[in-house]
Amino acid sequence: ATCAYKLRHEQMHPLWQTPVEAPGGNRQSPINIHLRDSIFDPTLQPLSIRYDARTCRQIWNNGYSFLVEYDDSTNKSRICGGPLVDHYRLSQFHFHWGENNLWGSEHTVDSKVYPAELHLVHWNAAKYTKFEEAIMENNGLAVLAVFLKVGKRHEGLQKLVDALPAVRHKDSVVEFTNFDPTCMLPTCPDYWTYEGSLTTPPLTESVSWIIKKRPIEVSHDQLAVFRSLLFTSADEQEQKSMVNNFRPQQPLMNRTVRSSFS
Ligand SMILES: CCc1cc2c(cc1OS(N)(=O)=O)CC[C@@H]1[C@@H]2CC[C@]2(C)[C@@H](O)CC[C@@H]12
Ligand SMILES: [Zn+2]
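The paragraphs below set out a description of the structure included in this document.

Thresholds applied
- Residues numbered from 1 in each chain as written.
- Chains lettered and ligands numbered in written order.
- Predicted model: local features only at pLDDT ≥ 70, side-chain atom pairs only at ≥ 80, totals over all residues.
- Heavy atoms only, no water.
- Patch = residues over 30% accessible without salt bridge, like charges linked within 9 Å, V, L, I, M, F, W, Y side chains within 5 Å.
- Areas by Shrake-Rupley, 256 points an atom, 1.4 Å probe, with all protein chains shown as cover.
- Salt bridge = Lys/Arg side-chain N within 4 Å of Asp/Glu carboxyl O.
- Lys, Arg positive; Asp, Glu negative; His and termini not counted.
- Charge placed at Lys NZ, Arg CZ, Asp CG, Glu CD.
- Helix = DSSP H or I, 4+ residues; strand = E, 2+ residues; numbered from the N terminus.
- Core = buried A, V, L, I, M, F, W, Y, C linked by side-chain atoms within 4.5 Å.
- Buried < 20%, exposed > 50% of the residue type's maximum accessible area, 1.4 Å probe, protein only.
- Contact = heavy atoms within 4.5 Å.
- Donors = N, O, S within 2.8 Å, 3.2 Å for Na, K, Ca; no water.
- Tetrahedral: all angles 85-135°; square planar, octahedral: opposite > 155°, others 65-115°.

Notes on a negative patch on the surface
- On the surface, D171, D235, E236 and E238 cluster together into a patch of negative charge.
- Here D235 is to be found in the loop between helix 5 (220-226) and strand 15 (258-259).

Given below as structure tokens:
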């Protein structure tokens with residue numbers, strides 16, 4: 001594990017080679033979830049998740065990951081409940097992954113790393129009028145995270161995997177519709193939650209993280225297609241494969257991770 005950990009650190013994306021410490025950050029993400037220190041909170045509500053496939057719009061390679069973007073002008077796709085006070089609208093989802101199946105996730109559980117991690121990014125539509133505003137506020141965002149492990153093929157994911165070659169280069173966008181992200185959620189309702197930040201610039205401390213305990217399974221070949229994407233745009237001479245797009249872990253500081261299960 002230590003050698004893989006060391007190797008993983010050396011392969012870090014240039015964006016993170018010099019870990020970007022957010023100035024004065026005391027609630028940065030990602031973190032390791034240390035099970036012994038997490039606290040069961042019986043007051044945590046069940047998560048209420050409602051997604052409407054008709055709000056799905058496009059896939060965009062932004063040069064760091066690929067984002068599946070949703071129309072967030074209504075509450076058709078939203079989450080509430082869990083640790084959340086308000087309702088949060090789905091804006092986009094994306095993934096983080098490694099160059100191999102040994103590492104790739106941003107969060108870890110008792111230092112166990114997964115080959116990839118899904119993030120469904122939502123913003124507080126009860127308090128703010130648009131995403132760009134909410135990312136600056138401390139209760140502005142809710143990110144639902146799901147770990148991926150390599151196993152059997154994920155039928156629901158294949159439609160997304162088949163669309164990826166169309167956004168191989170940075171700044172490419174392709175229409176992508178009628179995709180319901182519910183198919184990527186584990187059936188088990190158990191989750192951890194803590195207050196943190198975005199893991200990419202602007203790294204704002206505006207995120208209520210909700211991390212599902214159970215991973216979903218995707219096949220080796222499906223994950224290999226993620227790695228066929230490029231960080232670089234079509235006009236750059238050096239083509240760099242999009243891998244290891246995860247941020248180094250950040251200090252827990254004065255935070256407690258709560259669990260919805262005992
Ligand atoms: C894929 C990683 C990524 C990209 C973005 C966010 C969040 C992202 O991942 S993460 N892990 O949730 O922090 C939130 C801010 C978003 C940005 C994508 C580009 C923007 C939408 C900008 O246009 C304005 C706000 C930006
Ligand atoms: Zn992310």
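Concerning the nonpolar core
- In terms of nonpolar packing, the biggest core is built from 42 residues, with F66, V68, F93, F95, W97, L160 and F226 touching the most fellow members.
- Sorting the residues of this core by element identifies strand 4 (56-61), strand 5 (66-70), strand 7 (88-97), strand 9 (116-124), strand 10 (141-150), helix 4 (155-163), strand 14 (216-218) and helix 5 as the ones contributing at least two each.
- Setting aside its immediate chain neighbours within four residues, F226 contacts F66, F95, W97, L157, V161, L164 and M242.
- The next biggest cluster of nonpolar side chains, apart from the first, holds 23 residues, and it includes I33, A145, F147 and V257.

Quick notes on the coordination of the zinc ion (ligand 2)
- Protein coordination of the zinc ion (ligand 2) is provided by H94 (NE2), H96 (NE2) and H119 (ND1), with donor distances spanning 2.0 Å.
- If you look at the zinc ion (ligand 2), its 4 donor atoms make angles of 100 to 116° with each other, and the shape they trace is tetrahedral.
- If you list the donors of the zinc ion (ligand 2) from N- to C-terminus, the spacing comes out as H-x1-H-x22-H. Taken together, the residues span a long stretch of sequence, with H94 in strand 7 and H119 in strand 9 at a distance of 25 residues. Taken individually, H94 and H119 each receive the classification buried, so the pair is uniform in this respect.

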